[in-house]
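# Descriptive analysis of the structure
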Amino acid sequence: MIISMVMVMDRNRLIGSNGKMPWHLPAELKYFKKVTMGKPMIMGRKTYDSIGRPLPGRTSIVVTRNQSWPADGGHNEAQQQYLDNGQLRVASTFDAAVAIAGELLAEKQTGQGGDGESTGEAEVAVIGGADICKLAMPLCKRLYLTVIDAEFEGDTWLTSFERDDWSLASETTVTVDGYSLSYQVLER
Ligand SMILES: NC(=O)c1ccc[n+]([C@@H]2O[C@H](COP(=O)([O-])OP(=O)(O)OC[C@H]3O[C@@H](n4cnc5c(N)ncnc54)[C@H](OP(=O)(O)O)[C@@H]3O)[C@@H](O)[C@H]2O)c1
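Below: a short report on this structure. (Residues numbered from 1 in each chain as written. Predicted model: local features only at pLDDT ≥ 70, side-chain atom pairs only at ≥ 80, totals over all residues. Heavy atoms only, no water.)

## Looking at the overall build of the chain
In terms of regular secondary structure, the chain is built from 5 helices and 10 strands. A globule of 188 residues ought to have a C-alpha radius of gyration of about 16 Å, and the chain, at 16 Å, matches this closely. Viewed in the frame of its principal axes, the chain has a C-alpha envelope of about 40 × 35 × 30 Å. When the 188 residues of the chain are sorted by exposure, 45% land in the buried category. Long-range pairs, those at least 24 residues apart, make up 66% of the contacts in the chain between residues at least 6 apart in sequence. (Helix = DSSP H or I, 4+ residues; strand = E, 2+ residues; numbered from the N terminus. Rg over C-alpha atoms; globule rule 2.2 N^0.38 Å. Buried < 20%, exposed > 50% of the residue type's maximum accessible area, 1.4 Å probe, protein only. Contact = heavy atoms within 4.5 Å.)

What follows is the structure, encoded as structure tokens:
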């Protein structure tokens with residue numbers, strides 16, 4: 001199983017502002033969907049809260065220290081439904097989240113459901129935020145990194161990312177939604 005990371009940052013490695021993304025870029029959301037579809041996704045509890053629900057076709061594995069989450073996380077009944085139907089899983093450590101992703105991908109390979117059908121490659125996508133990236137970064141082999149060539153205001157940075165640790169496998173630069181975006185695939 002490959003552990004990959006899928007992140008968007010500005011020129012200064014900024015990724016978040018007040019619990020949300022600092023930008024609204026529909027084209028980037030489409031790219032995110034394409035890259036993550038069919039893969040289990042690991043995320044921090046704050047990132048899940050900012051999305052609010054599992055995204056279709058991808059199991060959300062949420063890392064939280066709160067043993068009672070989502071029941072006492074201010075969530076509605078829908079979250080229980082997501083737990084019941086397997087779209088939402090909860091892990092108390094990053095390693096436990098990786099183990100869940102491994103089980104889902106193994107189920108897929110043996111034809112018992114699970115995630116991972118889009119690429120044929122067993123890949124789990126870590127989708128942030130900064131806290132979870134810090135835990136995941138040493139184990140990540142591939143990074144789908146979108147760099148916005150602009151500077152935004154915010155409060156959360158991808159400080160665990162060191163460009164020198166990575167080599168560029170591919171890069172596509174486009175101008176969309178008024179910004180220049182560089183879609184990079186980086187590998188160790
Ligand atoms: N630009 C992007 O690509 C991108 C992607 C994702 C998120 N974001 C942004 O990033 C911000 C959120 O990032 P963040 O770093 O503040 O939060 P985060 O990583 O999404 O979640 C942090 C939470 O994860 C849990 N956690 C952290 N370390 C843990 C550990 N060692 N063991 C168990 N649980 C642990 C804790 O949950 P509990 O408090 O429940 O215990 C902690 O509060 C938001 O602004 C979001 O919009 C941007």
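Here the narrative resumes, following the displayed structure.
## Considerations on the site of the ligand
The full set close to the ligand counts 25 residues, and V8, R45, T47, T64 and D131 are the nearest of them. R65 places a polar main-chain atom, nitrogen or oxygen, 2.9 Å from an oxygen atom of the ligand. A130 is positioned such that a nitrogen or oxygen atom in its backbone is 3.0 Å from an oxygen atom of the ligand. Protein coverage of the free-state accessible area of the ligand, which is 940 Å², stands at 88%. Of the pockets mapped on this structure, the ligand occupies the largest pocket. Elements with a minimum of two residues in the shell around the ligand: β1 (2-10), β2 (14-16), α2 (45-51) and α5 (130-136). Considering every element that reaches the shell around the ligand, the biggest residue donor is α5, with 4 residues. (Near = heavy atom within 4 Å. Polar contact = N/O pair within 3.5 Å; in protein donor to acceptor, adjacent residues only side chain to side chain. Areas by Shrake-Rupley, 256 points an atom, 1.4 Å probe, with all protein chains shown as cover. 1 Å grid on protein atoms, 1.4 Å probe; cavity = no way out; pocket = protein on both sides within 12 Å on 5 of 7 lines; lining within 4 Å. Sits in = over half its atoms within 2 Å of the grid points.)

## Comments concerning the layout of surface pockets
By volume, the largest pocket is sized at about 1300 Å³. Contributing to the lining of the largest pocket are 44 residues, with K46, T47, S50, G128 and G129 lying nearest its centre. Those elements giving two or more residues to the lining of the largest pocket turn out to be β1, β2, α1 (26-36), α2, α5 and β7 (142-148). Here the lining of the largest pocket is composed, by residue class, of 21 nonpolar, 14 polar and 9 charged. (Points joined across faces, edges and corners; volume = space filled by probe spheres on them. Nonpolar A, V, L, I, M, F, W, Y, C, P; charged D, E, K, R; others polar.)

## Side note on α1
For an α-helix, the turn length of 3.6 residues means that residues three or four places apart are oriented alike. Along α1, the residues classified as buried are E28, Y31, F32, V35 and T36. The arc that holds every buried residue of α1, seen down its axis, measures 120°, which confines them to one face. More than 90 degrees from the buried face of α1, the exposed residues found are K30 and K34. Considering only its buried residues, α1 is in contact with β1, β3 (41-44), β6 (123-126), β7 and β10 (179-187). Trailing α1 by a residue or two, G38 shows a phi angle of about 85°, which is positive. (Arc of directions from axis to C-beta.)

## Focus on the packing of aromatic side chains
Under the counting rule described, the total for this entry stands at 4 aromatic pairs. With a centroid separation of 5.4 Å and an interplanar angle of 90°, the aromatic rings of Y48 and W69 are classed as edge-to-face. Of this pair, Y48 sits in helix α2 while W69 sits in the loop between β4 (60-63) and α3 (77-84), and the two are 21 residues apart along the sequence. The exposure class assigned to W69 is buried, which follows from its relative accessible area of 5%. Among the aromatic side chains, those forming a connected cluster through ring pairs are W23, F152 and Y179. Directly above the ring of W166 sits R188, whose terminal nitrogen or CZ lies 4.3 Å from the centroid. (Phe/Tyr/Trp six-rings, centres within 6.5 Å; stacked < 30°, edge-to-face > 60°. Lys NZ or Arg CZ within 6 Å of the ring centre and 35° of its normal.)

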